[in-house]
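What follows is each chain in one-letter form.
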Amino acid sequence: TAVPEIMLNNGVRIPQLGFGVFQIPPDETRDAVATALEVGYRHIDTAQMYRNEKGVGEAIRDSGIPRDEIFVTSKLSNAFHARDAALASFDRSLEALGFDQLDLFLVHWPLATVSDYVETWKAMEEIYASGRARAIGVSNFQPHHLRRLHTETTVVPAVNQVEIHPYLVQDELRAFDTEHEIATEAWSPLAQGLVLDDPVIVQIAKDHDRTPAQVVLRWHLQRGEIVFPKSVTRARVEENLALFDFELSDGDVAAITALDRGQRTGADPDTFDWIP
Ligand code: NAD
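Computed from a predicted structure; not experimentally measured. (Residues numbered from 1 in each chain as written. Predicted model: local features only at pLDDT ≥ 70, side-chain atom pairs only at ≥ 80, totals over all residues.)

**As for the overall build of the chain**
Scanning the chain from N- to C-terminus turns up 10 helices and 10 strands. Computed over C-alpha atoms, the radius of gyration of the chain comes to 18 Å, within 12% of the 19 Å expected from 2.2 N^0.38 for 276 residues, which places it in the range of a compact globule. For the chain, the C-alpha atoms occupy an extent of roughly 55 × 40 × 35 Å along the three principal directions. For the chain, the proportion of its 276 residues judged to be buried stands at 44%. Contacts in the chain between residues far apart in sequence, at least 24 positions, make up 74% of those at least 6 positions apart. (Helix = DSSP H or I, 4+ residues; strand = E, 2+ residues; numbered from the N terminus. Rg over C-alpha atoms; globule rule 2.2 N^0.38 Å. Buried ≥ 20, exposed ≤ 12 C-beta atoms within 10 Å, placed from the backbone. Contact = placed C-beta atoms within 7 Å.)

**A word on the sheet that holds strand 6 (residues 102-107)**
The strand order across the open sheet formed by 8 strands is 3-4-5-6-7-8-9-10, and the pairing between neighbours is parallel. Each edge of the open sheet is held by one strand with a lone partner, namely strand 3 (19-20) and strand 10 (226-227). In this structure, strand 7 (residues 133-139) lies alongside strand 8 (residues 159-163), joined through 2 bridges in parallel fashion. The residue bridging Val 138 from the neighbouring strand is Asn 160, located in strand 8. Each of strand 6 and strand 7 touches helix 4 (residues 117-129); the most contacted strand, strand 6, lies at about 170° to it. (Pairing = 2+ DSSP bridges. Axes fitted to C-alpha atoms, helices over the stretch in contact; angles between N-to-C directions.)

**Re the site of the ligand**
Inspection of the region around the ligand gives 26 residues, with Gly 20, Phe 22, Leu 190, Ala 213 and Lys 230 positioned closest. Of the residues assigned to the shell around the ligand, the class counts are 10 nonpolar, 12 polar and 4 charged. (Near = placed C-beta within 6 Å. Nonpolar A, V, L, I, M, F, W, Y, C, P; charged D, E, K, R; others polar.)

**Some thoughts on the confidence of the model for the chain**
Interpretation of this model should avoid reading the predicted coordinates in detail wherever pLDDT is low. Overall, the prediction assigns the chain a mean pLDDT of 98, with 100% of residues at 70 or greater. What the predictor reports for the complex is a pTM of 0.98 with an ipTM of 0.99. (pLDDT = per-residue confidence, 0-100.)

**Here we look at the nonpolar core**
Counting residues in hydrophobic clusters, the biggest one holds 73 residues, and the most contacted among them are Val 21, Val 33, Val 56, Leu 104, Phe 105 and Val 216. Setting aside its immediate chain neighbours within four residues, Leu 104 contacts Ile 14, Thr 73, Ala 133, Arg 134, Ala 135, Gly 137, Ala 158 and Val 159. (Core = buried A, V, L, I, M, F, W, Y, C linked by C-beta atoms within 7 Å.)

**Some points on the environment of Asp 245**
Structurally, Asp 245 is set in the loop between helix 9 (234-239) and helix 10 (250-257). Residues Asp 245 and Asp 207, 38 residues apart in the sequence, show an inter-C-alpha distance of 15 Å.

**With respect to unusual backbone geometry**
Although it is not a glycine, Gln 23 sits at a positive phi angle of roughly 70°. As for its position among the elements, Gln 23 is in the loop between strand 3 and helix 1 (26-39). For Asp 209, which is not glycine, the phi torsion reads 55° and is therefore positive. Looking at the element boundaries, Asp 209 is found in the loop between helix 7 (199-208) and helix 8 (212-222). On the basis of neighbour counts, which here come to 8 C-beta atoms within 10 Å, the residue Asp 209 falls in the exposed class.

**Considerations on the pairing of strand 7**
For strand 7, a buried count of 7 out of 7 residues is recorded, marking the element as mostly surrounded by other parts of the structure. Where strand 6 meets strand 7, 5 bridges bridge the pair, whose relative direction is parallel. Residue Phe 105 lies in a different strand from strand 7, and its bridge partner there is Ile 136. Between the parallel pair strand 6 and strand 7, the chain is carried across by helix 4, and the sense of this crossover is right-handed. (Right-handed = clockwise from strand over helix to strand, strands pointing away.)

**As for the packing of helix 2 (residues 53-63) against helix 3 (residues 83-97)**
Two numbers describe how helix 2 lies on helix 3: the axes approach to 7 Å, and their chain directions differ by 40°. Here helix 3 runs oblique to helix 2, going by the angle between their axes. Between helix 2 and helix 3, the residues in contact are Glu 53, Lys 54, Val 56 and Gly 57 and Ser 93, Ala 96 and Leu 97, respectively. Of the residues assigned to the contact of helix 2 with helix 3, the class counts are 3 nonpolar, 2 polar and 2 charged. (Parallel < 35°, antiparallel > 145°, perpendicular 65-115°, else oblique.)

**A look at the packing of helix 3 against helix 4**
Two elements in contact, helix 3 and helix 4, have axes separated by 9 Å at closest approach and are oriented at 40°. The angle between helix 3 and helix 4 places the two elements in the oblique class. For the pair helix 3 and helix 4, the sense of crossing is right-handed. Along the contact surface, helix 3 presents Arg 83, Ala 86, Leu 87 and Phe 90, while helix 4 presents Glu 119, Thr 120, Lys 122, Ala 123, Glu 126 and Ile 127. Looking at side-chain class alone, the contact of helix 3 with helix 4 contains 5 nonpolar, 1 polar and 4 charged residues. (Left-handed = near helix turned anticlockwise from the far one by under 90°.)

**Quick word on the environment of Ile 204**
Along the chain, the position of Ile 204 falls in helix 7. Judged by the 23 C-beta atoms lying within 10 Å of it, Ile 204 falls in the buried class.

**Here's the deal with the pairing of strand 9 (residues 183-187)**
In terms of burial, strand 9 is largely enclosed, as 5 of its 5 residues are buried. Alternating positions in strand 9 separate into two faces, Ala 183, Glu 185 and Trp 187 on one and Thr 184 and Ala 186 on the other, with burial throughout. Summarising the sheet, strand 8 and strand 9 pair through 5 bridges and their orientation is parallel. Within the sheet, the bridge partner assigned to Val 162 lies in strand 9 and is Ala 186. Here 2 bridges tie strand 9 to strand 10, and the two strands are oriented parallel to one another. For Glu 185, the partnering residue across the bridge sits in strand 10 and is Ile 226.

Following this line, the structure appears as structure tokens:
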């Protein structure tokens, strides 16, 4: 398995395929991440709100794999958008993970209706300047949020992590990111399984003698997105990494993109205001 790397706008390299740990219970995370590392994943996507950073750190330490060979992302909780709270919560993330440095730290949600994400981003810039995060970025930001960061702050986010799958292809947002040298990461790349029974996807999978999940993940990779599917089932964890010995045609990619129906499986970034 040779997972390609994407170069972020500050020169840091990220494996294009990783392993997501949303909804993995804290006491199961260490085993799930250990399996992913054994299978060959070298990029883990966690968050303060998942409450499982500790298990991620333990699995990485136990694996014996050098820390600098594994790319780890975490995300600022919605509860800590104010400057001082953001800085303190970043320290707690490093402590939970047992790391001196995080590879990528993201603002999880803009929360524009309840807090000032520009203040939050300035705190992220301080964290970046301290050298303890190799890159900083955002998640669930719409173009209008990114435009404000662009005019009012200094560091351009390295990534924007947003919901993308065949039923929500987000081509306008992707184009905006690209234009501003922001890499796009696709969360819920399989729409949590919702798209796997789609007849178009099932047919393309048959044509390539692959599974629907592999076809959907391959579609993301060929569109240049960074993905980190989640599974706690070893066979699926393996299947989701076996993507580098086949290729979809341009016609396959276009047919999957045409399935877009603007359907979110998660929250709407413009109205989401949940604080844990
Ligand atoms: P996903 O699209 O990766 O789907 C995961 C589910 O799909 C699994 O629980 C399983 O039921 C099924 N599945 C996985 N592999 C399969 C396979 N090979 N065959 C059949 N079914 C399979 O959904 P996700 O976990 O929501 O998203 C992935 C990651 O994205 C998360 O773990 C997290 O890291 C990130 N994420 C971020 C945000 C955000 O707001 N930034 C939100 C949601 C998810």
